[in-house]
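A structural walkthrough
The primary structure of each chain is shown beneath.
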Amino acid sequence: MVQNPSVLEIVKESDGSRLKFSGRLDAEGVSGAWERALRAADDANRISVDASGVEYCDGAGLALLWELQRRGGGEISGLRPEIATLLEPFAKAQPKEGD
C-alpha cells in the first residue's frame, strides 16, 4: 500500500494558525486531514487557509475548504481558478438556522 504524505501542515503564528494544504484534496487525502484541520480552526483565534500547493480537489476537498471558510477561515489564498470557481457557490450559501 502506498502511503500518501499529509496534505495539511498547521503553522502556528502569533495571531492564530495557518493551514497549508498541498497535493490532492480528494477523499483519501482529506480523510487524514479533516479532524486536524477542524480542530485547528476551533482552537485558534484566527485561521488563514493557504491552498497554493493544492494540485487537485474533488468534492471531499471542496467540503473541507467550505467548512473551514464557514468556521471563520475567510478567503482561501492560492486556490487555482478552476477550484475557486467550484467553491464559489458554497461560499455564497447562507448558514442554516442554529449554525
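The paragraphs below set out a description of the structure included in this document. For clarity, every value in this text was computed on a predicted model and none was experimentally measured.

The helix and strand inventory of the chain stands at four helices and four strands. Its helices and strands taken in sequence order, the chain reads β-β-α-α-β-α-β-α from the N to the C terminus. By the burial criterion, 36% of the 99 residues in the chain qualify as buried. The contacts of the chain with a sequence gap of at least 6 include a subset with a gap of at least 24, amounting to 70%. Roughly 6200 Å² of accessible area belongs to the chain as shown, and the carbon and sulfur atoms make up 49% of that amount.

Okay, the packing of aromatic side chains next. Taken as a whole and judged by the stated rule, the model has zero aromatic pairs. Between R24 and the ring centre of Y56, over which it is positioned, the NZ or CZ distance is 4.1 Å.

The next thing to look at is the sheet that holds strand β2 (residues 16-25). With mixed pairing, four strands are arranged side by side in an open sheet as β1-β2-β3-β4. Every other strand in the sheet has two partners, leaving β1 (8-13) and β4 (76-77) as the edge strands with one partner each. Sheet topology note: the β1/β2 ladder contains six bridges and is antiparallel. In the strand pairing of β2, V11 is matched with R18. Strand contacts of helix α2 (residues 34-43): β1, β2 and β3 (47-57), with the helix running at about 15° to β1, the strand carrying the most contacts. Helix-sheet contacts for helix α3 (residues 59-73) involve β2, β3 and β4, and the interaxial angle to β3 is about 170°.

With that settled, the discussion passes to the nonpolar core. The biggest cluster of nonpolar side chains holds 25 residues, and the ones touching the most others in it are L19, F21, L25, L65 and L68. The set of elements that each furnish at least two residues to this core consists of β2, α2, β3, α3 and α4 (81-91). The leading source of residues in this core is β3, at five residues. Every residue in contact with F21, bar those within four places of it in the chain, is listed here: V7, L8, A37, V49, D50, A51, G53, V54, L64, L65 and L68.

The subject of this paragraph is the pattern of salt bridges. Here the structure, examined in full by the defined rule, presents seven salt bridges. Taking the shortest distance from any N to any O, the salt bridge between D15 and R46 comes out at 3.0 Å. Of this pair, D15 sits in the loop between β1 and β2 while R46 sits in the loop between α2 and β3, and the two are 31 residues apart along the sequence. For D15, a relative accessible area of 40% puts it in the partly exposed group. We note a salt bridge from R71 to E67, for which the minimum N-O separation is 2.7 Å. Taken as a pair, R71 and E67 lie in helix α3 at a separation of four residues, close to a single helical turn. Taking relative accessible area as the criterion, R71 reaches 33% and is therefore assigned partly exposed. Its relative accessible area of 9% is what places E67 among the buried residues.

Reading the values: rules and limits
Residues numbered from 1 in each chain as written. Predicted model: local features only at pLDDT ≥ 70, side-chain atom pairs only at ≥ 80, totals over all residues. Heavy atoms only, no water. Helix = DSSP H or I, 4+ residues; strand = E, 2+ residues; numbered from the N terminus. Buried < 20%, exposed > 50% of the residue type's maximum accessible area, 1.4 Å probe, protein only. Contact = heavy atoms within 4.5 Å. Areas by Shrake-Rupley, 256 points an atom, 1.4 Å probe, with all protein chains shown as cover. Phe/Tyr/Trp six-rings, centres within 6.5 Å; stacked < 30°, edge-to-face > 60°. Lys NZ or Arg CZ within 6 Å of the ring centre and 35° of its normal. Pairing = 2+ DSSP bridges. Axes fitted to C-alpha atoms, helices over the stretch in contact; angles between N-to-C directions. Core = buried A, V, L, I, M, F, W, Y, C linked by side-chain atoms within 4.5 Å. Salt bridge = Lys/Arg side-chain N within 4 Å of Asp/Glu carboxyl O.

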